[in-house]
Amino acid sequence: MSKIAVIVTNDVEDIEYTSPVDALKNAGHEVVTIENKAGNPINGKHGLAITADKGIADVSADDFDGLLIPGGFSPDQLRADERFVDFVKAFLLGDKPVFAICHGPQLFIQSGLTKGRTMTAYTTVRPDLYYAGAVVKDQPVVVDQNFVTSRTPDDLDAFNGSMLETLKRNA
């Protein structure tokens, strides 16, 4: 099975972390949660407590088969750190599976690699993606090759299903 990196920090939308991570683990995939430093406590918007498995300085995209970016306020904070942006870029340039929900696609804007990609995101993020050159759709999930995006927690069933299907295709 695949080894999936999850980049996250404080104020992640709890269910946008737990639901995809549970779906991945239940399907037999290994999940590694990455933050600034291994062992760091991460607090979700609604009280979820997560502990970082690895620090961003200790990992490489080469160590993983795919990347998950949950939403909430976490992606906006992560995109201010060039190490996380470079990590995302490596997945996009390597055509590895990338999964982002809600505000997660904000990291793609920082990467400079949104032009021509088809995607969706939370309502307030979609115009930013459009101005960054993306083809933006307002639908529960958008799959553009190995690139899966979704809008809100209401779309998690479709997002998780597309995420797992993409990993199956890449196995």
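Note that this is a predicted model, so its numbers are computed, not measured.

Quick notes on the rules
Residues numbered from 1 in each chain as written. Predicted model: local features only at pLDDT ≥ 70, side-chain atom pairs only at ≥ 80, totals over all residues. Heavy atoms only, no water. Pairing = 2+ DSSP bridges. Helix = DSSP H or I, 4+ residues; strand = E, 2+ residues; numbered from the N terminus. Contact = heavy atoms within 4.5 Å. Axes fitted to C-alpha atoms, helices over the stretch in contact; angles between N-to-C directions. Buried < 20%, exposed > 50% of the residue type's maximum accessible area, 1.4 Å probe, protein only. Expected span 1.5 Å × (residues − 1). Polar contact = N/O pair within 3.5 Å; in protein donor to acceptor, adjacent residues only side chain to side chain. Parallel < 35°, antiparallel > 145°, perpendicular 65-115°, else oblique. Left-handed = near helix turned anticlockwise from the far one by under 90°. Nonpolar A, V, L, I, M, F, W, Y, C, P; charged D, E, K, R; others polar.

Participant: Help me get a handle on the sheet that holds strand S11 (residues 147-150), residues and values and all.
Facilitator: Spatial ordering of the open sheet is given by S5-S2-S1-S6-S7-S11-S10, a layout of seven strands whose pairing is mixed. The sheet is open, and its two borders are formed by strand S5 (54-55) and strand S10 (141-144), each paired with just one other strand. Here strand S1 (residues 3-7) pairs with strand S6 (residues 66-69) via three bridges, running parallel. Bridge pairing links Ile4 to Gly66 in S6. Packing against the sheet, helix H6 (residues 156-169) makes contact with S1, S6, strand S7 (98-101), S10 and S11, and its axis sits at approximately 175° to S7.

Participant: Quick one: what's the story with unusual backbone geometry, residue by residue and with numbers?
Facilitator: Positive phi, close to 65°, is recorded for Cys102, a residue that is not glycine. Position of Cys102 among the secondary structure elements: in the loop between S7 and helix H4 (106-111). The buried category is assigned to Cys102, whose relative accessible area is 7%. The backbone of Gln145 shows a phi angle near 60°, a positive value even though the residue is not glycine. Structurally, the position occupied by Gln145 is in the loop between S10 and S11. Since its relative accessible area comes to 55%, Gln145 is described here as exposed.

Participant: Can you tell me about helix H1 (residues 14-26), naming the residues and giving the values?
Facilitator: A rise of 1.5 Å per residue sets the reference length of H1, with its 13 residues, at 18 Å; its end C-alpha atoms lie 18 Å apart and thus fit the reference within 8%. Residues of H1 that are buried include every one of Asp14, Glu16, Tyr17, Ser19, Pro20, Val21, Ala23 and Leu24, and no others. Contacts from the buried residues of H1 go to S1, strand S2 (30-35), strand S4 (49-51), S6, S7 and H6. Just beyond H1, the residue with positive phi is Gly28, at close to 95°.

Participant: Any chance you could break down the side chain of Arg126 for me, citing the residues and the numbers?
Facilitator: Tracing the backbone shows Arg126 in helix H5 (residues 126-131). At 2.9 Å, the side chain of Arg126 and the backbone oxygen of Ala121 are in polar contact. Setting aside residues no more than four positions away along its own chain, Arg126 makes contact with Thr120, Ala121, Val136, Lys137, Asp138 and Arg151.

Participant: How would you explain the packing of H1 against H6 if you had to name every residue and give the values?
Facilitator: Contact geometry for H1 and H6: axes closest at 10 Å, N-to-C directions at 40°. One finds that H1 runs oblique with respect to H6. In this structure, H1 meets H6 at a crossing whose hand is right-handed. Across the interface between the two elements, Ile15, Glu16, Ser19, Pro20, Ala23 and Leu24 of H1 pack against Leu156, Phe159, Asn160, Met163, Leu164 and Leu167 of H6. Looking at the contact of H1 with H6, its residues break down into nine nonpolar, two polar and one charged.

Purely geometric stuff here, so don't read any function into it on its own.
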